[in-house]
Amino acid sequence: MKTKLSLAVTLISAGLLSGCSDDNASTEAATMLSYIPADSPYFMASSEAMPEQEAFDLYQRFQPMASLESDLDELRATLPDIDDEASRSMMKLLIAMGEELDGVESLDDFHALGLKVSPRAALYGLGILPVLRMQLQDEEAFRETLQRILTKAEITPSTATTNGTEYWVLTPEAPVQAILVIEDQKLLMSVVPQDASDELLAQVLGSDLPDSSLEDSGALAALEQRHDFTPYGAGEVDFSRLLNELSSPSHAGTQALMDAVEAEQLDLSACQTDIDRLTSRFPGLVMGMREYNQDRMEMNVILETDEAIVSDLRALTTQVPGLGSTEGMASFGMGLNLPLLLQTAQKYAQEVRQNPFSCDELQDLNSAWSEINMAMNNPATMMIGSALSGLRARIDSLTMIDGEPSGSGILTLASPNPMGLVTTAATFLPELGALGLEPGGDAKQIESMMLPPETPPLYAAMSDTAIALGADISDPASLQEALQAPASERDLLLHGHLTGEFYHSLADVMEQVPSDELETSDIDMFRQYGDIYKNMEYWFRVDDAGVEMSFSLELD
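What you see is a predicted model; the values in this text were computed from it and never measured.

**Q** Can you help me understand the overall build of the protein chain in this one?
**A** When helices and strands are tallied, the protein chain shows 22 helices and 19 strands. Taking all 556 residues of the protein chain together, 47% fall into the buried category. For the protein chain, the share of sequence-separated contacts (at least 6 apart) that also reach a separation of at least 24 residues comes to 68%. Working note: accessible area of the protein chain is about 26,800 Å², and carbon and sulfur atoms make up 54% of it.

Structural data, given as structure tokens:
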């Protein structure tokens, strides 16, 4: 889904991990955490909450100007072409949900649906069995909303009762069923075996609490503090617990779910040493948000690694002029010490050769490291690796000239040996080698018969650590500024950004380039992004805990 519907769903999903700020917020948050086993293989939950009015204001800022109704019309038009019954049912459900959201213009409108804009919520595993809990504004109003959605989607739920609690079964007769409970101003959803015992249902529904919970362990607070996450939502996936649960189930939920789908337990007895070896080096994933407010939000996922891998990764990062900055309307860059990357890959490949994974299920890892080692030792890779340590491509403008897309910007190539890099590049563009570039010298124009006639003026300049190439720049001296731009101190492996100006320029170009694959709605979508987002950033960096993959939005 493209415009308002996709953004609404995104915001509501994000809102599941925030909440409201009434006086008993900490008590209710603690109660939510008390349902989550301390040894759950995975969880995502919030410890505090965003005030609802702030959350609604944020929701409104994300809304494009296009009508949700037009998006729903597009979805309705696709229904006749969907043959698969399950896919058709899901599309009807999405349309019905969108129809309920259409016309929501105030906080009271949300409340009239029985929803909170920022409900406290938790997603977690009873073993591998998933459970979602979410706070409601008005359970009776939500019952009515849900019934309208299910009726429109042509879904007829059945009801069942366990230990005096009634729950809805949303799926037809099947070994595994989706269930839903609305009780005590909360919504609970889960997937359980059709013949789930009353004891298991008691744990799912929460009438039987775990002996040790996330509230007791304080693991969520420790996670937030360790990674500087906001209290509006954080979680983790513990690889060791997950794999152990699949091989030797410790929770009745795992065993019941595997029995229901007739899945055999993973026989990892022969792999346990290998698995322990992997999980000690890659303990798990953690996720959360370091910022979440009216002006900016930042979402972070960290692949945890051991200290040795962190040290090796940190050694690979290089200083690339301007990497990490948001100068220009868009950019993309990366910094890698390629010679050291080759050595590091060879080191890990040798470790695997000397101590290969023994069990059958992990033989692909042995062959993968062999293939990586061969690729790294490719002559072309070796030639480039000795001269190139990073790059940053910056776009300053994007326009249409004489019916053709045109732009300006600067490409910065970091190198431990810029003269060697020029020699290598001259293999493909001899005129570059003939310019006589020298560190600190003036920028020089590249004139080549190999370039198309419509190519904008190209300039090149050099410093002791990099080469800069500029296309259609107004002042060649700006290349020296690019060469002297400070590098990031964040141990970046990769960084990029896109501004609202870029989205508007891209929409203008798309509008003037004939294409059977582009629709007016696609172009409008990019313009709406330009109106909403001031700047978007994404990056990979080496964190003390492993590799951090992050995405941030700055709202206009």
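Now that the structure is up, let's keep going.
**Q** Which parts of the structure should I look at to understand helix α5 (residues 85–101)?
**A** Side chains of residues three or four places apart in an α-helix project in the same direction, reflecting 3.6 residues per turn. With 17 residues, α5 should cover 24 Å at 1.5 Å per step; its first-to-last C-alpha distance of 25 Å lies within 8% of that length. The complete set of buried residues in α5 reads Met-91, Lys-92, Ile-95, Ala-96, Gly-98, Glu-100 and Leu-101. Count one or two residues on from α5 and you reach Gly-103, which has phi positive near 90 degrees.

**Q** Can you walk me through the environment of Gln-294 in this structure?
**A** By secondary structure assignment, the location of Gln-294 is in the loop between β9 (284–292) and β10 (296–304). Distance from Gln-294 to Glu-54, taken between C-alpha atoms, is 7.3 Å for residues 240 residues apart in sequence. If near-sequence neighbours (up to four positions away) are discounted, Gln-294 is found in contact with Glu-54, Asp-57, Leu-58, Arg-61 and Leu-555. A distance of 2.6 Å separates a polar atom in the side chain of Gln-294 from the backbone oxygen of Glu-54.

**Q** Is there a simple way to think about the packing of aromatic side chains in this case?
**A** To describe a pair of aromatic rings, you give the distance between the ring centres and the angle between the ring planes. Counted according to the given criterion, the structure contains 7 aromatic pairs. Pairing Phe-526 with Tyr-529 gives two aromatic rings, centres 6.2 Å apart and planes at 80 degrees, and the pair type is edge-to-face. Placement of the pair is Phe-526 and Tyr-529 together in helix α22 (residues 520–532), with a separation of 3 residues, close to one helical turn. Considering the side-chain rings of Tyr-529 and Tyr-533, the 5.6 Å spacing of their centres and the 35 degrees angle between planes classify their relative orientation as tilted.

**Q** Is there a simple way to think about the pairing of strand β6 (residues 176–183) in this case?
**A** Put simply, side chains in a regular strand alternate between the two faces of the sheet. Counting buried residues along β6, 6 of its 8 residues qualify, which places the element largely inside the surrounding structure. Note that strand β5 (residues 165–169) and β6 share 2 bridges and pair antiparallel. Opposite Trp-168, over in β6, you have Leu-180 as the bridge partner. The pairing of β6 with strand β7 (residues 186–193) spans 8 bridges and is antiparallel. Directly across from Ala-178, in β7, lies its bridge partner Val-191. Taking the residues that link successive antiparallel strands as the turn, the β6-β7 hairpin has 2 residues, and the phi of Asp-184 there is positive, at about 55 degrees.

**Q** Can you walk me through the environment of Asn-244 in this structure?
**A** For Asn-244, the location among the structural elements is in helix α11 (residues 239–247). Taking relative accessible area as the criterion, Asn-244 reaches 30% and is therefore assigned partly exposed. Along the sequence, Asn-244 and Asp-276 sit 32 residues apart, while their C-alpha atoms lie 10.0 Å from each other. Those residues within four positions of Asn-244 in sequence are excluded, and the remaining contacts are Pro-249 and Gln-272.

**Q** For this particular structure, what's the right way to read a negative patch on the surface?
**A** On the surface, Asp-81, Asp-83, Asp-84 and Glu-85 cluster together to form a negatively charged patch. Inspection of the secondary structure puts Asp-81 in the loop between α4 (68–78) and α5. The class for Asp-81 is exposed, based on a relative accessible area of 63%.

**Q** Is there a simple way to explain the side chain of Thr-412 in this structure?
**A** Mapped onto the secondary structure, Thr-412 falls in strand β13 (residues 404–414). Other than its neighbours up to four places away in sequence, Thr-412 contacts Pro-321, Gly-390, Leu-391, Arg-392, Ala-466, Ile-467, Ala-468 and Ala-482.

**Q** Before we go on, may I ask you to explain the pattern of salt bridges in this structure?
**A** Any two side chains of opposite charge can pair, given that their charged atoms come close. A full pass over the atoms with the stated rule returns 25 salt bridges. The salt bridge partner of Glu-100 is Lys-152, with a shortest N-O separation of 3.4 Å. Placement of Glu-100 in helix α5 and of Lys-152 in helix α7 (residues 139–152) is noted, with a sequence separation of 52 residues between them. Salt-bridge contacts for Arg-314 lead to Asp-544; the nearest nitrogen and oxygen are separated by 3.1 Å. With Arg-314 in helix α14 (residues 307–316) and Asp-544 in the loop between β18 (533–543) and β19 (546–555), the pair connects residues that are 230 residues apart, well separated along the chain.

**Q** I tried to follow the side chain of Asn-366 on my own but got confused; where do I start?
**A** Tracing the backbone shows Asn-366 in helix α16 (residues 363–376). Side-chain polar atoms of Asn-366 contact the backbone nitrogen of Phe-357, separated by 3.0 Å. Those residues within four positions of Asn-366 in sequence are excluded, and the remaining contacts are Val-352, Pro-356 and Phe-357.

**Q** Please explain the packing of α14 against helix α15 (residues 338–354) as it appears in this structure.
**A** Pairs of packed helices are described in terms of their axes, by the angle between the two and the distance that separates them. Between α14 and α15, the least distance of the axes is 9 Å, while the angle of their chain directions is 155 degrees. Considering the angle they form, α14 stands roughly antiparallel to α15. Between α14 and α15 lies a crossing whose hand is left-handed. Across the interface between the two elements, Ala-308, Ile-309, Asp-312, Ala-315 and Leu-316 from α14 touch Leu-340, Leu-341, Thr-344, Lys-347 and Tyr-348 from α15.

**Q** Sorry, what's going on with the packing of helix α21 (residues 500–512) against α22 here?
**A** Taken N-terminus to C-terminus, the directions of α21 and α22 make an angle of 160 degrees; their axes are 7 Å apart at the nearest point. Relative to α22, the element α21 is oriented roughly antiparallel. By crossing handedness, the relation of α21 to α22 is classed as left-handed. Between α21 and α22, the residues in contact are Gly-500, Tyr-503, His-504, Leu-506, Ala-507, Asp-508, Met-510 and Glu-511 and Ile-523, Phe-526, Arg-527, Tyr-529, Gly-530 and Asp-531, respectively. Here the residues of the contact of α21 with α22 sort into 7 nonpolar, 3 polar and 4 charged.

**Q** Just to check I follow, could you spell out α21 for this structure?
**A** Counted at 1.5 Å a residue, the expected span for α21 with its 13 residues is 18 Å, and the 19 Å between its end C-alpha atoms agrees. When we look at burial in α21, the residues that qualify are Gly-500, Phe-502, Tyr-503, Ser-505, Ala-507, Val-509 and Met-510. Looking at the buried residues of α21, the elements they touch are β11 (330–335), β12 (390–401), β13, β17 (492–499), α22 and β18.

What counts and what doesn't
- Residues numbered from 1 in each chain as written.
- Predicted model: local features only at pLDDT ≥ 70, side-chain atom pairs only at ≥ 80, totals over all residues.
- Heavy atoms only, no water.
- Helix = DSSP H or I, 4+ residues; strand = E, 2+ residues; numbered from the N terminus.
- Buried < 20%, exposed > 50% of the residue type's maximum accessible area, 1.4 Å probe, protein only.
- Contact = heavy atoms within 4.5 Å.
- Areas by Shrake-Rupley, 256 points an atom, 1.4 Å probe, with all protein chains shown as cover.
- Expected span 1.5 Å × (residues − 1).
- Polar contact = N/O pair within 3.5 Å; in protein donor to acceptor, adjacent residues only side chain to side chain.
- Phe/Tyr/Trp six-rings, centres within 6.5 Å; stacked < 30°, edge-to-face > 60°.
- Pairing = 2+ DSSP bridges.
- Patch = residues over 30% accessible without salt bridge, like charges linked within 9 Å, V, L, I, M, F, W, Y side chains within 5 Å.
- Salt bridge = Lys/Arg side-chain N within 4 Å of Asp/Glu carboxyl O.
- Lys, Arg positive; Asp, Glu negative; His and termini not counted.
- Charge placed at Lys NZ, Arg CZ, Asp CG, Glu CD.
- Axes fitted to C-alpha atoms, helices over the stretch in contact; angles between N-to-C directions.
- Parallel < 35°, antiparallel > 145°, perpendicular 65-115°, else oblique.
- Left-handed = near helix turned anticlockwise from the far one by under 90°.
- Nonpolar A, V, L, I, M, F, W, Y, C, P; charged D, E, K, R; others polar.

Fair warning: the whole summary comes from geometry, so function is off the table for now.
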